[in-house]
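Next come the chains, spelled out residue by residue.
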Amino acid sequence: MKVLVRNENSTTIIECTGEVDLYTSPKLREALLKEMGGIKTNVLINMGGVSYIDSSGIATLVEGLQLSQRTQTRFGLYGLRPNARSVLELARLTKVFSIFEDEQEALAKISTTMPFSGLS
Amino acid sequence: MPKAEHFLRIVITSEARLLHILRCAVRFCAQEAGVSASDMDCLTMAIDEAASNIIRHVYKDEPSGRLGLEIRAFPDRMEFTLEDSGPKVSPESWRPRTLEDVRPGGLGTYFIKCFMDEISYDEDFREGNRLRLVKHFTPAGSASHEGSGQERK
């Protein structure tokens with residue numbers, strides 16, 4: 001799995017490519033903590049290159065959402081492949097995350113999305 | 001019991017970096033057995049989650065443990081057996097958390113129960129744990145929608 005971080009219109013975009021599993025999810029977590037632990041920034045995860053995600057990967061995404069809740073920033077996903085979307089649907093998380101079709105939509109709407117406040 | 005049409009046995013050490021090998025094995029066998037792409041994804045995830053649980057909770061991330069996977073494909077089902085040599089696991093530990101409680105973790109067993117029809121531990125297996133996971137298929141060749149995840153002792 002590869003993780004690349006870039007900045008677009010004051011939003012941090014984390015490009016994730018490959019399989020996110022028990023072995024690779026700590027790498028994504030590390031990137032999330034680094035980007036969200038410093039300056040306040042909205043974060044988008046480009047999931048377009050994610051061919052597989054397991055429960056540890058989903059836990060990492062939920063952790064990102066929790067961090068955004070704490071820091072009063074926004075956190076969103078875009079470019080989800082059908083299998084990743086199915087997994088999130090099964091876990092009833094599609095209404096918890098802000099999910100966008102593509103980067104253009106994500107960048108246009110991320111600032112105006114309501115922060116999720118239902119995390120424990 | 002009819003003879004399995006396809007059979008594969010693979011043993012890895014309890015290292016998370018090797019999980020992709022198990023996923024490849026599941027995908028290969030499911031493809032050979034003519035399972036649909038979406039069902040193949042479900043089976044792959046279920047076995048991956050079960051193996052991840054063994055690495056994390058049975059071996060506590062200690063990489064020198066042994067993790068075996070046997071895959072049998074029958075015309076009406078696929079059977080997966082995961083073996084480890086760690087401390088006994090209580091079936092009680094398979095209770096997934098409620099989905100209303102949105103927090104990181106605890107989804108692995110939920111996914112396994114969603115995707116598999118039978119989940120059982122072999123109580124006669126003495127040198128660790130032997131977990132059996134079964135997915136039944138309809139006569140048309142497609143898997144039943146969501147596994148009942150019934151635990152059998």
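Our subject is the structure listed above.
Just so it is clear, the structure is predicted and the values come from calculations on it, not from any experiment.

The rules behind the values
- Residues numbered from 1 in each chain as written.
- Chains lettered and ligands numbered in written order.
- Predicted model: local features only at pLDDT ≥ 70, side-chain atom pairs only at ≥ 80, totals over all residues.
- Heavy atoms only, no water.
- Pairing = 2+ DSSP bridges.
- Helix = DSSP H or I, 4+ residues; strand = E, 2+ residues; numbered from the N terminus.
- Axes fitted to C-alpha atoms, helices over the stretch in contact; angles between N-to-C directions.
- Phe/Tyr/Trp six-rings, centres within 6.5 Å; stacked < 30°, edge-to-face > 60°.
- Buried < 20%, exposed > 50% of the residue type's maximum accessible area, 1.4 Å probe, protein only.
- Lys NZ or Arg CZ within 6 Å of the ring centre and 35° of its normal.

A. Inspection of the sheet that holds strand β5 (residues 98–100) of chain A at higher detail. All names here are of chain A. In space, the five strands of this open sheet follow the order β1-β2-β3-β4-β5, with mixed pairing throughout. A strand with exactly one partner marks an edge of an open sheet, and here the two such strands are β1 (2–8) and β5. Sheet twist, expressed as the mean angle between neighbouring strand axes with direction ignored, is 25°. The pairing of strand β4 (residues 75–78) with β5 spans three bridges and is parallel.

B. Summary view of the packing of aromatic side chains. Under the criterion given, the structure shown has three aromatic pairs over all chains. Ring centres 5.8 Å apart and planes at 55° place the aromatic pair Tyr110(B) and Phe111(B) in the tilted group. A centroid spacing of 6.3 Å and a plane angle of 10° characterise the contact between Phe111(B) and Phe115(B), whose relative ring orientation is stacked. One end of the pair, Phe111(B), and the other, Phe115(B), are both in helix α3 (residues 108–115), four residues apart, so they sit about a helical turn from each other. A relative accessible area of 0% places Phe111(B) in the buried class. Judged by relative accessible area, Phe115(B) falls into the buried class, the value being 10%. Joined through ring pairs, the aromatic side chains of Tyr110(B), Phe111(B) and Phe115(B) make up one cluster. One cation-aromatic arrangement involves Arg27(B) over Tyr52(A); the distance from NZ or CZ to the ring centre is 5.9 Å.

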